[in-house]
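Observations on the three-dimensional arrangement
Next come the chains, spelled out residue by residue.
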Amino acid sequence: ETGVTQSPTHLIKTRGQQVTLRCSSQSGHNTVSWYQQALGQGPQFIFQYYREEENGRGNFPPRFSGLQFPNYSSELNVNALELDDSALYLCASSSSRSNTGELFFGEGSRLTVL
Amino acid sequence: EDQVTQSPEALRLQEGESSSLNCSYTVSGLRGLFWYRQDPGKGPEFLFTLYSAGEEKEKERLKATLTKKESFLHITAPKPEDSATYLCAGWDSNYQLIWGAGTKLIIKP
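Residues numbered from 1 in each chain as written. Chains lettered and ligands numbered in written order. Predicted model: local features only at pLDDT ≥ 70, side-chain atom pairs only at ≥ 80, totals over all residues. Heavy atoms only, no water.

1. Structural notes on the pairing of strand E9 (residues 87-94) of chain A
All names here are of chain A. This is how the line gets drawn: The buried label goes to any residue with under 20% of its type's maximum accessible area, the exposed label to any with over 50%, and the partly exposed label to all in between, with areas taken from a 1.4 Å probe on protein chains only. Helix and strand labels come from DSSP, where a helix needs a run of H or I of at least four residues and a strand needs a run of E of at least two; each type is numbered from the N terminus. If DSSP finds at least two bridges between two strands, the strands pair.
Most of E9 is tucked away: 8 of the 8 residues are buried. Both faces of E9 are covered, namely the face carrying Ala87, Tyr89, Cys91 and Ser93 and the face carrying Leu88, Leu90, Ala92 and Ser94. Pairing between strand E4 (residues 31-37) and E9: 7 bridges, direction antiparallel. Its bridge partner being in E9, glutamine 36 is matched across the sheet by tyrosine 89. Bridge count between E9 and strand E11 (residues 109-113): 3 bridges; the pairing is antiparallel. Within E11, the position partnered with tyrosine 89 by the bridge is serine 109. Alignment of E9 against strand E10 (residues 104-105), held across 2 bridges, turns out to be antiparallel. By the bridge assignment for E10, serine 93 is matched with phenylalanine 104.

Okay, here's the thing in structure tokens:
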């Protein structure tokens, strides 16, 4: 069973640039959600994708956008980067067929905005 | 507004010294309460889900309990490898997780 994988693991960008983060979901999982985790804080929900559609969104501006592909992998795109976007970005996968709500997380992408 | 609050922010224990971590919640239509463990620079790792008040679950040295207002993660005779940040999250009526900020647990040998 393949776990959730994210890339890149670390990256540095400058203010105003754009970034794309990638996530491959765990085998058998059809739902992907993205979280932002600032240092010393809990994860903050960005959005969730199911069947290639966004089906839930947290309190994040439109410059945070995403995609889900037919193989259930996903991308998170952030435009016009701001200093406060520096954080660990976590991808989590789950199955809509499960009623437990359990999420399986990747190891995250650490984004630093200078 | 839905909220999850964890205490203490940090806890230092000697190896073998048992203690408890607290998670207080106000989550409308709570479907479940999750506990995760997070090591530095890693993603959270699932530990437990509790669905109703009075429920308890155990895994090795950890035991999670749930009441109508809070959850406790009890750690018995901890070892240095139990050092991590422990996160709790409430699963709300919209199937979203509301996360606490975590308790950083340090177990000294």
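So, next bit.
2. Considerations on the interface of chain A and chain B
This is how it is decided: Contacts: residue pairs with any heavy atoms within 4.5 Å of one another. Two parts placed together each lose some accessible area under a 1.4 Å probe, and the buried area is that loss summed for both. Salt-bridge detection follows one rule: a side-chain nitrogen of Lys or Arg within 4 Å of a carboxyl oxygen of Asp or Glu. We call two N or O atoms a polar contact when they sit within 3.5 Å, provided that within protein one can donate a hydrogen and the other can accept it, with sequence-adjacent residues counted only if both atoms are side-chain atoms. In the scheme used here, Gly and all other residues not listed as nonpolar or charged are polar, with Ala, Val, Leu, Ile, Met, Phe, Trp, Tyr, Cys and Pro taken as nonpolar and Asp, Glu, Lys and Arg as charged.
At the interface, 18 residues of chain A touch 17 residues of chain B. Considering only the side of chain A, the residues that lose the most area to chain B are Pro43(A), Phe105(A) and Glu107(A), jointly responsible for 28% of the buried surface there. At the surface where chain A touches chain B, the tally comes to 1 salt bridge. Across the pair Glu107(A) and Lys42(B) runs a salt bridge whose closest N-O atoms are separated by 3.2 Å. For the pair chain A and chain B, the number of links is 3 residue pairs in polar contact (both at pLDDT 80 or more). Within the side of chain A that touches chain B, the residues separate by chemical class into 7 nonpolar, 9 polar and 2 charged.

3. Quick word on the state of the cysteines
Applicable threshold: Criterion for a disulfide: a pair of cysteine sulfur atoms within 2.5 Å.
On inspection of all chains with the given rule, the structure shows 2 disulfides over all chains. The partner cysteine of Cys23(A) in its disulfide is Cys91(A), sulfur to sulfur 1.8 Å. Across the S-S bond linking Cys23(A) and Cys91(A), the dihedral sits near -60°, which makes this disulfide left-handed. Of this pair, Cys23(A) sits in strand E3 (residues 19-24) while Cys91(A) sits in strand E9, placing them 68 residues apart in sequence. In this structure, Cys23(A) and Cys91(A) share a single accessibility class: buried. Here Cys23(B) engages in a disulfide with Cys88(B); their sulfurs sit 1.9 Å apart. Judged by the sign of its S-S torsion, about 80°, the cystine formed by Cys23(B) and Cys88(B) is right-handed. Taken together, the positions of Cys23(B) in strand E3 (residues 19-26) and Cys88(B) in strand E9 (residues 84-91) put the pair 65 residues apart, joining distant regions of the chain. You'll find Cys23(B) and Cys88(B) in the same group, each marked buried.

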